There are 2 protein chains.
Amino acid sequence: MTVRRGSRDAILDAVIFILSSRGSDAVTIRNVAAEAGVSVGAVQHNFTTKEALIIGAMTAVNVRFRERLRLLLQNEESAERRLRAFCEEVSCLTETGLTDAVVWTAFAARATTEPGIRAIHAADWGSTEDFLQQLLEAAYPDAGITADDAALVLAVTDGIAVARAAEKTDRMTAERAVRLIDAALAPIAARGRS
Amino acid sequence: MTVRRGSRDAILDAVIFILSSRGSDAVTIRNVAAEAGVSVGAVQHNFTTKEALIIGAMTAVNVRFRERLRLLLQNEESAERRLRAFCEEVSCLTETGLTDAVVWTAFAARATTEPGIRAIHAADWGSTEDFLQQLLEAAYPDAGITADDAALVLAVTDGIAVARAAEKTDRMTAERAVRLIDAALAPIAARGRS
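Residues numbered from 1 in each chain as written. Chains lettered and ligands numbered in written order. Predicted model: local features only at pLDDT ≥ 70, side-chain atom pairs only at ≥ 80, totals over all residues. Heavy atoms only, no water.

## Points about the relation of the copies chain A and chain B
When chain A is brought onto chain B, the operation consists of a screw motion whose angular component is 180° and whose axial shift is 0.0 Å, with 0.0 Å RMSD remaining. Here the transformation between the copies is reduced to the relation of a two-fold axis. The fraction of interface residues of chain A whose copies in chain B are also interface residues reaches 100%, indicating that both copies meet through the same surface. (Least-squares fit on C-alpha atoms with pLDDT ≥ 70 in both. Contact = heavy atoms within 4.5 Å.)

Structure representation (structure tokens):
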């Protein structure tokens, strides 16, 4: 049992590494087995199709993201700082975040044409919007926060993440991303003060 | 010469159709030849690699997008309406736009790991940001528009486009997208009025 669990984790780590370094085309049973240091049979035992491998990796990245976020949020001292920490994490400002952004962009691309992946992707973003709305309400209790506020801030941070993953240039540095998050939040915060 | 040009266009149309309906994995020389109704040799004569096929399709989609945008903008009567038309077009609110969004998401995903595609993608978004900055300056001449304003609005519209392409749910309807564009532009417009 421990052996199979370890092998499963190694396989998913291999998928994430291949996705983030060589892209979706390179995710084949053979490449994943070689990268994970297991047999082709071991990969096929755990994941019967490429879609299953991608969904497994998607789930692993999301679990890792949520755990990182949970640790981050519990260390912040105010509701506004928790909101900022969340926005910065979704915008993928760190090196780990940037790897996640590459992997998420691959998932988003597959979600456009694969219904199984789309269902998971859509559910994830729906619940992310809900969670962001709660963070906004806690940070700006008098601002009359709506779901659209959350959707706007999520679109900004998602747009930043895709730019960082796909361009990897000076157009969207971490510093600029922080300024854009500030600019997106300022008008919402101002409503609570008037 | 006309025959070769026609065949090249048919091949690129086939790549775009396959990308938007079956995804990047399905773009193979064999599938493209079958979809375009040409021989495998004809595809290989025009495009020697999968990357060349993808870059060809990317260029074709961008040419089509710019032409659609040019026609749209020349029909709008005010600078603010031209700005809105641009934002709505980048947000992929129409059916044609949604097909483009699917294809763009595939390009963005490939740009994360393929330097040749990334260079084109990054140059495109850099010039799109510059163009958007000019539209913002024309619409709100007294607002002290900066490059960050353009980057913020572009992040919003790009985030909307990815959500529409990858989720295809009620979370990001065309109506909601228009409200979010309004919300992103309102604080910038207000600066010009104070």
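## Describing the packing of aromatic side chains
Within the structure shown, the criterion is met by 6 aromatic pairs over all chains. Here the aromatic rings of Phe 86 of chain A and Phe 131 of chain A are separated by 5.7 Å at their centres, their planes lie at 65°, and the arrangement is edge-to-face. Of this pair, Phe 86 of chain A sits in helix α5 (residues 79-90) while Phe 131 of chain A sits in helix α7 (residues 115-139); the two residues are 45 residues apart in sequence, bridging distant segments of the chain. Overall, Phe 86 of chain A belongs to the buried group, its relative accessible area being 2%. Judged by relative accessible area, which is 32%, Phe 131 of chain A ranks as partly exposed. Between Phe 65 of chain B and Trp 104 of chain B, the aromatic rings sit 5.0 Å apart at their centres with planes inclined by 75°, giving edge-to-face as the arrangement. (Phe/Tyr/Trp six-rings, centres within 6.5 Å; stacked < 30°, edge-to-face > 60°. Helix = DSSP H or I, 4+ residues; strand = E, 2+ residues; numbered from the N terminus. Buried < 20%, exposed > 50% of the residue type's maximum accessible area, 1.4 Å probe, protein only.)

## Describing the UniProt feature "DNA-binding region" (unreviewed entry) in chain A
As annotated in UniProt, the feature "DNA-binding region" (unreviewed entry) corresponds to residues 28-47 of chain A in the numbering used here. The distance from the first to the last C-alpha atom of residues 28-47 of chain A is 11 Å, and the span holds 75% helix and 0% strand. (UniProt positions renumbered as here; feature names shortened; annotations may be inferred.)

## Comments concerning the state of the cysteines
The tally for this structure, following the rule as stated, stands at 0 disulfides over all chains. Cys 92 of chain A provides the cysteine sulfur closest to Cys 87 of chain A, a residue in no disulfide bond, and the two sulfurs are 12 Å apart. (Disulfide = S-S within 2.5 Å.)

## Side note on the domain arrangement of chain A
Residues and elements named next belong to chain A. Here chain A is partitioned into domain 1 (1-48) and domain 2 (62-193). Between domain 1 and domain 2, the C-alpha centre-to-centre distance is 29 Å. Facing the 4 residues of domain 1 at the interface are 7 residues of domain 2. Counting each side, the surface lost to burial between domain 1 and domain 2 is near 460 Å², with a carbon and sulfur contribution of 69%. Inspection of the region where domain 1 meets domain 2 yields 0 salt bridges. One can count 1 residue pair in polar contact (both at pLDDT 80 or more) joining domain 1 with domain 2. Taken together, the residues that form the side of domain 1 that touches domain 2 break down as 2 nonpolar, 2 polar and no charged. (Domains from an automatic or database assignment. Buried area = accessible area lost by both parts, 1.4 Å probe. Salt bridge = Lys/Arg side-chain N within 4 Å of Asp/Glu carboxyl O. Polar contact = N/O pair within 3.5 Å; in protein donor to acceptor, adjacent residues only side chain to side chain. Nonpolar A, V, L, I, M, F, W, Y, C, P; charged D, E, K, R; others polar.)

## Observations regarding the interface of chain A and chain B
Contacts between the two partners involve 46 residues from chain A, matched on the other side by 46 residues from chain B. The junction of chain A with chain B conceals about 3300 Å² of combined surface from both sides, 60% of it contributed by carbon and sulfur atoms. Connecting chain A to chain B are 12 salt bridges. Asp 25 of chain B is paired through a salt bridge with Lys 50 of chain A; the nearest N and O atoms lie 3.0 Å apart. Counting across the interface, chain A meets chain B through 16 residue pairs in polar contact (both at pLDDT 80 or more). Breaking the side of chain A that touches chain B down by element, the ones donating at least two residues are α1 (2-22), α6 (95-111), α7, α8 (147-167) and α9 (174-193) of chain A. The leading source of residues in the side of chain A that touches chain B is α8 of chain A, at 14 residues. For the side of chain A that touches chain B, the residue count by class is 22 nonpolar, 11 polar and 13 charged.

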